[in-house]
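# Results of the structural survey
So the chains spell out like this:
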Amino acid sequence: MKSKALSSPKGPRTKLVQTLATEVGRTLSTHTVMLHAAVAERLGLNITDHKALDFACRGGGAVTAGELAELTGLTTGAITGVIDRLEKAGFARRERDPNDRRRIIIRPIPSRAQTATSL
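Predicted model, so just to flag it, every value in this text is computed and none were measured.

In this section: the nonpolar core. Counting 16 residues, the largest nonpolar core has L68, L86 and F91 as the members making the most contacts within it. Contributions of two or more residues to this core are made by helix 2 (12-43), helix 3 (47-58), helix 4 (65-72) and helix 5 (76-88). Ranked by residue count, the leading element in this core is helix 5, at four residues.

Here is the structure:
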């Protein structure tokens, strides 16, 4: 007959595995955030702007301001600031949607965006 400690989902081994997974996950998460912050700083961006640029690049080279707000979870007002900073740094430009003048399309500037996403 199996001992209760080995067959129990709350046994010592399970608790050890859960603790290790939590600690490894936290450490990996922290190192990932620090890496992205360092890359953004090297490019002269903050981490939020860098990740927003990454979303825009993944969107086939164009994304609307509203889509960018939805993807990042930021408000449309905050996204306006992100886009302003990306334009000022030369990583993206705004264009009016030819089919809907109310919509703004964000287009990464290919040569600059490639630098930003290849680091």
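Moving on from the coordinates now.
Attention now moves to the sheet that holds strand 1 (residues 63-64). Read across the open sheet, the three strands follow the order 1-3-2; overall the sheet is antiparallel. The sheet terminates laterally at strand 1 and strand 2 (92-97), the two strands that pair on one side only. The pairing of strand 2 with strand 3 (residues 100-108) spans six bridges and is antiparallel. Among the inter-strand pairings, R94 is bridged to a residue of strand 3, identified as I106.

Where nonpolar side chains cluster on the molecular surface, the patch consists of V33, M34 and I47 and spans about 260 Å² of accessible area. Mapping I47 onto the fold places it in helix 3. Residue I47 is classed as partly exposed on the basis of its relative accessible area of 32%.

On to the side chain of D97. Mapped onto the fold, D97 is located in strand 2. Here D97 is in contact with R103 and I105, once residues within four sequence places are set aside.

Next up on the list: the pattern of salt bridges. Under the defined criterion, the tally for this structure stands at 10 salt bridges. Between R58 and D54 there is a salt bridge; the shortest N-O distance is 2.9 Å. Here D54 and R58 lie together in helix 3, a separation of four residues that amounts to about one turn. Taking the relative accessible area as the measure of exposure, R58 reaches 63% and is therefore exposed. Exposure remark for D54: the relative accessible area of 15% places this residue in the buried category. D97 is the partner of R103 in a salt bridge, and the nearest nitrogen-oxygen pair spans 3.3 Å.

Quick notes on the rules
Position labels on residues start from 1 in each chain and follow its written sequence. Reporting of local features is limited, given that this is a predicted model, to residues whose pLDDT is at least 70; pairs of side-chain atoms are given and counted only at 80 or more, and all residues count toward the totals for whole chains, interfaces and linings. Excluded from the side-chain calculations are hydrogens and water; all other atoms, namely the structure's heavy atoms, are used. To define a nonpolar core, start from buried Ala, Val, Leu, Ile, Met, Phe, Trp, Tyr and Cys residues and group those joined through side-chain atoms within 4.5 Å. Exposure categories follow from relative accessible area, calculated using a 1.4 Å probe and restricted to protein chains: below 20% of the type maximum is buried, above 50% is exposed, and the middle band is partly exposed. Secondary structure elements are defined from DSSP: runs of H or I of at least 4 residues count as helices, runs of E of at least 2 residues count as strands, and each element is numbered from the N terminus. At least two bridges found by DSSP between two strands is the condition for calling them paired. The patch calculation keeps residues exceeding 30% relative accessible area without a salt bridge and links them within 9 Å when they carry like charges or within 5 Å when they are nonpolar (Val, Leu, Ile, Met, Phe, Trp, Tyr). Here the Shrake-Rupley method, with its probe set to 1.4 Å, supplies the accessible areas, and only the displayed protein chains count as covering residues. We define a salt bridge as a contact between a side-chain nitrogen of Lys or Arg and a carboxyl oxygen of Asp or Glu at a distance within 4 Å. The criterion used for residue contact is that any of the two residues' heavy atoms lie within 4.5 Å.

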